Amino acid sequence: MSSTKLLLVLAWLFYLPLLVIGNVFVEERLVLLSIPINVVIFFALLLPTTILNAKFRRKKSITLAGLSLVPFLIAFLLTAALYSPDLEGVQKYLNLIILGYIGAVLLIIAHESGNLEILLKLMIGFLFILFICAVAYKSYFGFWRRDIAFFMNGSIVFGRNMCVGFFLSLFYLKDSRIYFALCICFIFGVLWSMSKGPIAGLLVCALFFMANKNKKLFFLYALIIGSFLAALINGAIDLSGTPFNRLQVGLQVLFGFSDLNMASGSINARTEMYIPTIELIKSNLFTGVGPGNWSQEIVSIFSYPHNLFLEAYSELGIVTGTILLVPLCLFLLSYKHQMFILPLFFLISHQFSGDMADARWLLLFSILIFSTGNNMLLQNSRTKLRAALTHP
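Definitions and limits used
All residue numbers here refer to positions counted from 1 along the written sequence of the relevant chain. With the structure being a predicted model, the display of local features is reserved for residues of pLDDT at least 70 and the display and counting of side-chain atom pairs for 80 or more, all residues being used for whole-chain, interface and lining totals. Values reported for side chains reflect all heavy atoms of the structure, with hydrogen atoms and water molecules removed beforehand. Labels follow the DSSP assignment, with helices taken as runs of H or I lasting at least four residues and strands as runs of E lasting at least two, numbered in each case from the N terminus. A simple rule labels every residue: compare its accessible area, found with a 1.4 Å probe on the protein chains alone, to the largest value its type can have, and call it buried under 20%, exposed over 50%, or partly exposed in between. Here a polar contact is taken to be a pair of N or O atoms separated by no more than 3.5 Å, where protein atoms must pair a possible hydrogen donor with a possible acceptor and residues adjacent in sequence count only if both atoms sit in side chains. Multiplying 1.5 Å by the residue count of a helix minus one yields the expected span of that helix. Note that the bend at a residue is defined as the angle between axes fitted to the seven residues ending at it and the seven residues starting at it. Should any heavy atoms of two residues lie within 4.5 Å, those residues are counted as being in contact. Pairing of aromatic side chains requires ring centres within 6.5 Å, counting the rings of Phe and Tyr and the six-membered ring of Trp. Pairs whose planes differ by under 30 degrees are stacked, by over 60 edge-to-face, and all others tilted. Along the chain, pLDDT gives the predictor's confidence residue by residue, from 0 to 100. Structural elements are reduced to axes, namely lines fitted to C-alpha atoms, with helices fitted over the stretch in contact, and the angle between N-to-C directions of any two is expressed from 0 to 180 degrees. Take the far helix as your reference; a near helix turned counterclockwise from it by less than a right angle gives a left-handed crossing, and one turned clockwise gives a right-handed crossing. We call Asp, Glu, Lys and Arg charged. Ala, Val, Leu, Ile, Met, Phe, Trp, Tyr, Cys and Pro are nonpolar, and the rest, Gly among them, are polar. Basic side-chain nitrogens of Lys or Arg form a salt bridge, by our definition, when they fall within 4 Å of a carboxyl oxygen of Asp or Glu. We call a set of buried residues a nonpolar core when its members are Ala, Val, Leu, Ile, Met, Phe, Trp, Tyr or Cys and they connect through side-chain atoms within 4.5 Å of each other.

**Thoughts on unusual backbone geometry**
Phi at leucine 33 is positive, roughly 55°, even though this residue is not glycine. Mapped onto the elements of the fold, leucine 33 is located in the loop between β1 (31–32) and β2 (35–36). The class for leucine 33 is exposed, based on a relative accessible area of 75%. One non-glycine residue, serine 34, adopts positive backbone phi at about 70°. Of note, serine 34 is situated in the loop between β1 and β2.

Below you can see the structure in the form of structure tokens.
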């Protein structure tokens with residue numbers, strides 16, 4: 001194993017738990033014997049990452065990844081000049097930048113060195129381990145109860161993680177004997193979470209994937225999925241008394257087949273957040289209320305509005321918020337990229353759930369796609385072939 005591959009694998013194994021946890025700062029639940037485990041892992045991650053970055057710093061893709069952070073730096077300078085931000089609010093933005101950027105750099109270096117497939121297969125394996133742990137954990141504490149954590153994460157984050165596992169399996173495990181089994185497990189994980197955002201993102205991105213693969217079959221798939229959703233909405237298929245009833249009621253409310261009062265608490269809670277948040281944006285159009293200060297302005301059981309754009313614009317204002325959102329949407333410039341659906345999925349799901357720190361997955365894949373062009377998988381294959389010819 002080459003030194004580059006060894007460093008990449010080592011750094012990636014340190015990085016994956018931090019990506020799932022989403023915090024590089026001291027957190028009470030992650031302290032063991034007075035030692036903040038996540039902080040120790042973060043400092044362990046910095047060493048191999050720094051060595052790799054120094055080795056590949058002249059690569060164009062690494063330069064593009066660095067330039068993609070310029071809007072974040074501008075946004076933070078404006079934030080420092082305008083606000084007295086909440087400390088936890090600043091930390092969530094820092095977690096977004098640190099974890100999103102480090103992950104993107106590691107994947108870009110893996111792409112340049114022909115090791116991308118190894119890292120993404122490790123990610124699939126890590127997410128599958130989380131799935132197994134969640135099954136074991138919830139089998140004991142309550143398999144269908146959404147108020148019981150899915151091992152390390154809540155239902156929404158777990159659903160998003162399972163979607164990542166599913167899409168990565170589509171790209172990298174087609175020739176594997178366990179391909180079909182893993183896809184079934186990950187899809188079940190998404191549905192098991194009963195989270196509307198991940199499920200909506202999965203449906204849209206799956207259709208997008210089908211449209212790119214086979215346009216003729218796309219219409220058949222779209223017809224089947226559309227017919228099933230229509231049957232759920234008009235009540236031809238009744239899920240009353242099942243754990244998935246909340247999803248059916250949500251669809252019926254969305255399309256006007258049911259009263260809002262019949263919806264689950266999450267739909268009502270989001271409606272009660274979105275409307276006053278829009279008014280908050282209007283009254284603080286250019287200044288916002290400061291990072292992390294949304295919860296001080298809006299009376300809610302939540303500490304953030306569960307919508308990426310509403311959070312950015314309410315806390316940072318229209319100008320600074322737009323600047324900060326640019327790196328998160330850079331992937332839209334590379335819509336032909338074979339992994340385009342990954343950040344697209346996160347962009348869709350973040351309209352329903354998650355705070356700014358949760359957008360680290362979106363930033364990770366957005367920078368990766370922006371920095372590596374429109375056909376990363378083909379380029380990666382060429383890199384490995386060139387390496388094999390150079391060093392037989």
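**Comments concerning the side chain of threonine 372**
For threonine 372, the location among the structural elements is in helix α16 (residues 360–372). Residue threonine 372 is classed as buried on the basis of its relative accessible area, which comes to 4%. Within the structure, the side chain of threonine 372 is placed 2.6 Å from the backbone oxygen of leucine 368, a separation counted as a polar contact.

**Remarks on helix α14 (residues 308–325)**
Along an α-helix, residues three or four positions apart point the same way, because every turn accommodates 3.6 residues. Spanning 18 residues, α14 covers only 9 Å between terminal C-alpha atoms, well under the ideal 26 Å at 1.5 Å per step. Maximal helix bending in α14 amounts to about 125°, located at glycine 317. The backbone nitrogen of phenylalanine 309 lies 3.1 Å from a side-chain oxygen of the residue at the head of α14, namely asparagine 307.

**Some points on the environment of phenylalanine 42**
Among the structural elements, phenylalanine 42 can be located in helix α2 (residues 37–56). Looking at phenylalanine 42, the relative accessible area reads 12%, which means it is buried. Placed 18 residues apart in sequence, phenylalanine 42 and valine 24 show a C-alpha to C-alpha distance of 6.3 Å. Every residue in contact with phenylalanine 42, bar those within four places of it in the chain, is listed here: Leu18, Val24, Ile98 and Ile102.

**Considering the packing of aromatic side chains**
Overall, the coordinates contain 22 aromatic pairs when judged by the stated rule. Ring centres 6.5 Å apart and planes at 90° place the aromatic pair phenylalanine 131 and phenylalanine 188 in the edge-to-face group. Residue phenylalanine 131 is found in helix α6 (residues 116–141), and its partner phenylalanine 188 is found in helix α8 (residues 179–193); the two are separated by 57 residues along the sequence. In this structure phenylalanine 131 comes out as buried when scored by relative accessible area, which is 6%. When its relative accessible area of 32% is taken as the criterion, phenylalanine 188 is described as partly exposed. Considering the side-chain rings of phenylalanine 131 and tryptophan 192, the 6.4 Å spacing of their centres and the 80° angle between planes classify their relative orientation as edge-to-face. Taken together, the residues phenylalanine 131 in helix α6 and tryptophan 192 in helix α8 connect sequence positions 61 residues apart. Both residues of the pair, phenylalanine 131 and tryptophan 192, count as buried. Each member of the aromatic cluster is reached from another via a ring pair, and the members are Phe128, Phe131, Phe143, Trp144, Phe150, Phe158, Phe186, Phe188 and Trp192.

**With respect to the confidence of the model for the chain**
Mean pLDDT over the chain: 81, with 79% of residues reaching 70 or higher. Contacts of residues 374–386 to residues separated by more than four positions or lying in other chains number 30 contacts, the stretch itself having pLDDT below 50.

**Considerations on the packing of helix α5 (residues 87–113) against α16**
Where α5 contacts α16, the axes come no closer than 8 Å and their chain directions differ by 35°. For the pair α5 and α16, the crossing hand works out as right-handed. Along the contact surface, α5 presents Leu96, Ile97, Leu99, Gly100, Tyr101, Gly103, Ala104, Leu107, Ile108 and His111, while α16 presents Arg360, Leu363, Leu364, Phe365, Ile367, Leu368, Ser371 and Thr372. Among the residues making up the contact of α5 with α16, the classes are represented as 12 nonpolar, 5 polar and 1 charged.

**As for the pattern of salt bridges**
Counting across every chain of the model gives 8 salt bridges. Notably, a salt bridge pairs lysine 92 with glutamate 311, separated by 2.4 Å at the nearest N-O pair. Taken as a pair, lysine 92 in helix α5 and glutamate 311 in helix α14 lie far apart in primary sequence, 219 residues in all. Like lysine 92, the residue glutamate 311 is buried in the burial classification. Lysine 282 serves as the salt-bridge partner of glutamate 279, at 3.6 Å between the closest nitrogen and oxygen. Remark: lysine 282 and glutamate 279 occur in helix α12 (residues 265–283); sequence separation between them is 3 residues, near one turn of the helix. The class of lysine 282 is exposed, set by a relative accessible area of 57%.

**Quick look at the nonpolar core**
Among the nonpolar cores identified, the biggest contains 91 residues, and Met123 and Phe365 are the most heavily contacted of them. Per element, the largest residue contribution to this core is 12 residues, and it comes from α5. If near-sequence neighbours (up to four positions away) are discounted, methionine 123 is found in contact with Trp12, Leu16, Leu19, Val164, Leu168, Trp361 and Phe365. The next biggest cluster of nonpolar side chains, apart from the first, holds 5 residues, and it includes Met273, Val289, Trp294 and Ile298.

**Digging into the environment of phenylalanine 370**
Relative to the elements of secondary structure, phenylalanine 370 occurs in helix α16. Classification of phenylalanine 370 as partly exposed rests on a relative accessible area of 24%. For the pair phenylalanine 370 and proline 327, spaced 43 residues apart in the sequence, the C-alpha separation amounts to 9.1 Å.

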